[in-house]
Amino acid sequence: MNSENYIQIEVYCERTQTPIEFINDLLEFEMIKVQQIENKTYVEPQYLVEIERIYRLREDLGINMEGIDTLNHMIKKVNRLEQELKLLRDRLTIYEH
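Everything in this summary refers to the structure shown in the same document. Note that the coordinates shown come from a computational prediction; the quantities given were computed from them, not determined experimentally.

As for the pairing of strand S3 (residues 40-43)
Argument step 1. Relative to S3, strand S1 (residues 7-8) is paired through 2 bridges, and the arrangement is antiparallel. Paired with Ile7 across the strands is Val43, a residue of S3.
Argument step 2. Bridge count for strand S2 (residues 34-37) against S3 is 4 bridges, and the pairing is antiparallel. Of the residues in S3, the one forming a bridge with Gln36 is Thr41.

Considering the packing of helix H3 (residues 46-61) against helix H4 (residues 65-96)
Argument step 1. Where H3 contacts H4, the two axes come as close as 10 Å, and the packing angle between them is 125°. Between H3 and H4, the interaxial angle falls into the category oblique. In this structure, H3 crosses over H4, and the sense of that crossing is right-handed. Across the interface between the two elements, Glu50, Arg53, Ile54, Leu57 and Arg58 of H3 pack against Met65, Ile68, Asn72 and Ile75 of H4.

Each value, and the rule that gives it
- Each chain carries its own residue numbering, running from 1 in the written order of its sequence.
- With the structure being a predicted model, the display of local features is reserved for residues of pLDDT at least 70 and the display and counting of side-chain atom pairs for 80 or more, all residues being used for whole-chain, interface and lining totals.
- Just so you know, side-chain values use all the structure's heavy atoms and leave hydrogens and water out.
- Only when DSSP finds a minimum of two bridges between them are two strands counted as paired.
- The numbering of helices and of strands both runs from the N terminus, where a helix is a DSSP run of H or I of at least 4 residues and a strand a run of E of at least 2.
- Between the N-to-C directions of two axes lies an angle of 0 to 180 degrees, each axis being a line fitted to C-alpha atoms and, for a helix, fitted only over the stretch in contact.
- Between 65 and 115 degrees an angle is taken as roughly perpendicular, under 35 as roughly parallel, over 145 as roughly antiparallel, and anywhere else as oblique.
- Working rule for handedness: look at the near helix, and if it is turned counterclockwise from the far one by less than a right angle, call the crossing left-handed; if clockwise, right-handed.
- The contact rule is simple, with two residues in contact once any of their heavy atoms fall within 4.5 Å.

Right under this line is the structure:
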């Protein structure tokens with residue numbers, strides 16, 4: 001597997017001053033996925049926004065990982081419900097005309 005589309009976790013943590021333990025917590029709660037390439041750990045760039053968002057929740061608001069995990073599940077559920085509501089509204093619009 002080629003590492004050019006990934007960011008090495010150790011380098012990311014060093015450059016952003018993010019503790020590696022925090023990344024380990026994210027992995028434990030399955031909030032991000034990583035790839036092992038040649039004995040190094042890499043993350044896809046799409047997860048960087050999520051890492052930063054969760055780090056701010058923990059550091060700025062003092063929310064623990066369990067609370068963040070719960071928030072993530074609630075956000076996903078709200079997003080699914082919003083999509084369903086939009087679909088139902090679009091269907092209803094068809095019948096209103």
